[in-house]
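# Survey of secondary and tertiary structure
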Amino acid sequence: MKKQLKRMGFSYDWDREVSTCEPEYYRWEQLFFLWMYEKGLAYKKGSVVNWCPQCKTVLANEQVEGGACWRCGTEVDQEHLEQWFFRITAYVEELLEYCDRLPGWPERVLTMQRNWIGKSYGCEVDFPMADDTGKTIRVFTTRQDTIFGATFMLVAAEHPLVLELSKGKPFEKEVREFVEKVGRQDRLLRTSDAYEKEGAFLGAYCLNPVTGWKMPVYAANFVLAEYGTGCVMAVPTHDQRDFEFAKKYDLPLIVVIDNPKAPLDAATMTEAYVDEGILVNSGPFDGLENLKALDTIADHLESLGRGRRTIQYRLRDWGISRQRYWGAPIPVVYCGKCGTVTVPESDLPVLLPMDVELTGEGGSPLAKNGAFMDTECPCCGGPARRETDTMDTFVESSWYFDRFCCAGFDRKPGLDKEKVNYWMPVDQYIGGIEHAILHLLYSRFYTKMLRDFGVLSFDEPFRNLLTQGMVCKETMKCRKHGFLYPDQVREGKCTQCDTPVLIGKTEKMSKSLKNVVDPDHLIREYGADTARLFCLFASPPEKDLEWSDQGVEGAFRFIGRVWRMVMDYADPTREVPAGGDLAGLPEEWKALKRKIHQTIRKVTEDIDQRFHFNTAISAVMELVNAVYQAPRPSGEDLTALGILREAIETTVILLNPFVPHVTEELWQILGRTVPLSDTAWPSFDPEAARDEEITIVIQVNGKLRSRIQAAADESEESIRERALRDESARRFTEGKTVRKVITVPGKLVNIVVS
RNA sequence: GCCUGGGUGGCGGAACUGGUAGACGCAAGGGACUUAAAAUCCCUCGGUCCUCGCGGCUGUGAGGGUUCGAUCCCCUCCCCAGGCACCA
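Calculation criteria
Residues numbered from 1 in each chain as written. Chains lettered and ligands numbered in written order. Predicted model: local features only at pLDDT ≥ 70, side-chain atom pairs only at ≥ 80, totals over all residues. Heavy atoms only, no water. Pairing = 2+ DSSP bridges. Helix = DSSP H or I, 4+ residues; strand = E, 2+ residues; numbered from the N terminus. Axes fitted to C-alpha atoms, helices over the stretch in contact; angles between N-to-C directions. Core = buried A, V, L, I, M, F, W, Y, C linked by side-chain atoms within 4.5 Å. Buried < 20%, exposed > 50% of the residue type's maximum accessible area, 1.4 Å probe, protein only. Contact = heavy atoms within 4.5 Å. 1 Å grid on protein atoms, 1.4 Å probe; cavity = no way out; pocket = protein on both sides within 12 Å on 5 of 7 lines; lining within 4 Å. Points joined across faces, edges and corners; volume = space filled by probe spheres on them. Nonpolar A, V, L, I, M, F, W, Y, C, P; charged D, E, K, R; others polar. Near = heavy atom within 4 Å. Polar contact = N/O pair within 3.5 Å; in protein donor to acceptor, adjacent residues only side chain to side chain.

### Considering the sheet that holds strand β17 (residues 332-335)
Strand pairs in the sheet, formed through backbone hydrogen bonds, run parallel or antiparallel to each other. An order of β18-β17-β20-β19 is seen for the four strands of this open sheet, with the pairing classed as antiparallel. Across the chains shown, the open sheet's two edge strands, defined by having one partner strand only, are β18 (339-342) and β19 (374-376). Pairs of neighbouring strands in the sheet enclose a mean axial angle of 40°, with direction left out of account. Pairing between β19 and strand β20 (residues 383-386): three bridges, direction antiparallel. In the strand pairing of β20, D374 is matched with R385.

Laid out in structure tokens, this is it:
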């Protein structure tokens, strides 16, 4: 890996290399854990967690993609386990707020983070039970404007209230069966479109706090126990889920928001009305617009003492326990006497044992390692057991960038504040879009936390973010032999059985699809420079890159073209100083001089401001084409040779960041002794780059009709006059009245006629 | 369903702030060089019509709108990619 990176010519500073799996790194992570534990930012709790049966480990919510494990794709189960969590929710407000203060981040990443955090404003409302026990059911709602239409109550099947309320009632058995059934249903089924809303009546009633009506209480399969309070007031007229539920169990519907365009009738509604409207059947609030009623009704509930405004977030705490080997051991021991005890700072690091058996079967290898597990309690000295869970490896990647600033720093807290605060935040961070929420959210959290511990003095880790695309290639498949590597195909046929190969979809390069390119082979065949040039030229970095063998060939040809150009002129221009004065140059050489400086400007801007290497490279290609187009001067024409020398040297310098190896060699061939990598980037001469003559477009009624040449300093008035006299344009203005003439300096004249 | 990006020649992609659409490359076609091939160098290359011009019309997913002028701004719709999805 390292060798390959070096062969490609990437200029990494290997002195800053960091290995997150070494104790020199993860010991600090364990220290941070102790600090977090002390502050309540790390805690253990029993909860329903995502469990990957393949990896035999727990996964954070963010690490479940469409119900499957982000690593192996296996469907994730729900298990009840004791797990360690990081209290990322302590920073939820700041994480959300700073989404508006990261102008250098792509909007879609920020949107994804905002959605993931999922802030919503609403009310908690207490619904008293209809029996006289004085108990209440508390719900969270964002739609308190519909409270007059709440006709029944829904409770998550897993909620303890379900069994409590139904206990001893004639419905108890049915409720129990229902709860068990929901518990058995897996995640995939629950989220599928066909999943039907179901419930069971608990034999209990509560009262609507504003209308006083009796509302039957149901357990429902579609109510989430973990969100809000796990209980929902159901308003079937204005919520589609509640509507479906009401229809199924024949529950009453009351319209409380009327559609101003077409009045609603509860008896004939076929779906819930979820748009804006005017309140009806809502007592004192009738006639209000529902959006305005949100506030008014919230006030009303608060004055009644039945509810209060609250904010809910979708974001949950970050479950970091993993039953894997890799990852820092959690520095905690369990003592029969003292309970959960943290490992004292002086005993850190808790080392990952080297003598574990990695069976590949999943499950924690540490839990099978007695020497690791059995220890002494740091408090009482008695026998104790170590925590065998390790931390999610995303913890490691949440601060490695800080460590880069002071790699090897071996004093507490593992970060040299001065250096870190000098280098950080990262000016330009580059990563795949797949980390939009995982790594990028965790790193933001960790940064804020370390800031509050006094280690860092900045709020956000990455000032600018570029999400680069992935390298894709078409897949090839043989009917008999499945997916094929590129070298298993010759002339469209499988090399094993000679049957024609099926060309499949273009997909992200992966070993499983065999649509990969071997970098060693590529470097052997074409060299690292060709590989680099192709990748940079094919598309801008934020887009996916479609691999094309012909494109690689094209990149190789261009390098050859540059090489021949240099070889051609290296000798004749060897003794000629590059450049030369602009004044007095014949027009054709002036044009090349201009092209040189325009190219420097364009390439500098494209690299600097936009990371658009593809257009930077095409600009250099244009310069090379211009040199090929130039007439070959005689050996005495020192002016011309000087300009050519300048063009050639400029080409070599400008290409250096893209193709460093070949340009360094060409630089030497040109007789330069100072290495190109130590040579300053050229600056352009604005005077030379300026166009002396510009093409002015003449439009009639917005249609392109003619072009004229104008001197750069020609007055707007004069250009306008010439445009009006222009022969080609007059063919279209002849016999018509000129209504208006619009001139855009340096660009065009538009003559409006009727 | 909701949110975010996108949709430009045969293909990858340009067009910076509303001002010449298609830069540059690939593919294709033609020519030069060569005994020949490869390599190289040069030319043509969105569609269409004709009187083949330094021409006309048309053209950036579709349809409207704003504007002197729209790939760019606004509205409606279609399609593709990604994200979220019973979040009350």
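### What about the sheet that holds strand β33 (residues 748-753)?
In spatial order, the strands read β31-β30-β33-β32; together these four strands make up an open sheet with mixed pairing. The two strands at the open ends of the sheet, each matched to only one other strand, are β31 (703-711) and β32 (738-744). When the angles between neighbouring strand axes are averaged without regard to direction, this sheet yields 20°. Two elements, β32 and β33, share six bridges in a ladder whose sense is antiparallel. By the bridge assignment, V738 is partnered in β33 with V753.

### As for the nonpolar core
Grouped together as the largest cluster of nonpolar side chains are 77 residues, with contacts concentrated most on F33, F86, W318, I320, L415, F445 and L450. For this core, the element with the most residues is helix α2 (residues 23-38), which contributes nine residues. Ignoring sequence-local partners within four residues, the contact set of F445 consists of M36, F86, R87, I88, Y91, L95 and W318. The next biggest cluster of nonpolar side chains, apart from the first, holds 56 residues, and it includes Y218, V255, M269 and F285.

### Description of empty space enclosed by the protein
Take a probe with the size of a water molecule and roll it over the atoms, and the empty space left behind shows itself. Counted according to the given criterion, the structure contains one cavity of 30 Å³ or more. In this model, the largest cavity occupies a volume close to 40 Å³. As for the largest cavity, its lining consists of M129, K135, T136, I137, L161, E164 and L165. Among the secondary structure elements, those contributing two or more residues to the lining of the largest cavity are β7 (136-141) and α5 (160-166). Examining the composition of the lining of the largest cavity, we find that three residues originate from one element, α5, more than from any other. Here the lining of the largest cavity is built from residues that sort into four nonpolar, one polar and two charged.

### Observations regarding the pairing of β33
Pairing of strand β30 (residues 693-700) with β33, which is carried by four bridges, proceeds in the parallel orientation. Bridge pairing in β33 places V700 opposite I751. Between β32 and β33, which pair antiparallel one after the other, the connecting turn spans three residues, and G746 there sits at a positive phi close to 75°.

### Here's the deal with the protein's contact with RNA strand B
Around RNA strand B there are 54 residues in total, and T142, Y195, Y227, R241 and N750 lie nearest to it. For RNA strand B, the fraction of protein-proximal atoms (within 4 Å) that sit in sugar or phosphate groups is 68%. Taking K197, its side chain carries an N or O atom lying 2.9 Å from a base oxygen of RNA strand B. Between RNA strand B and the protein, one listed contact pairs a phosphate oxygen with a side-chain N or O atom of R610 at 2.9 Å. Looking at the surface near RNA strand B, the element that brings in the most residues is helix α19 (residues 613-629), giving eight residues.

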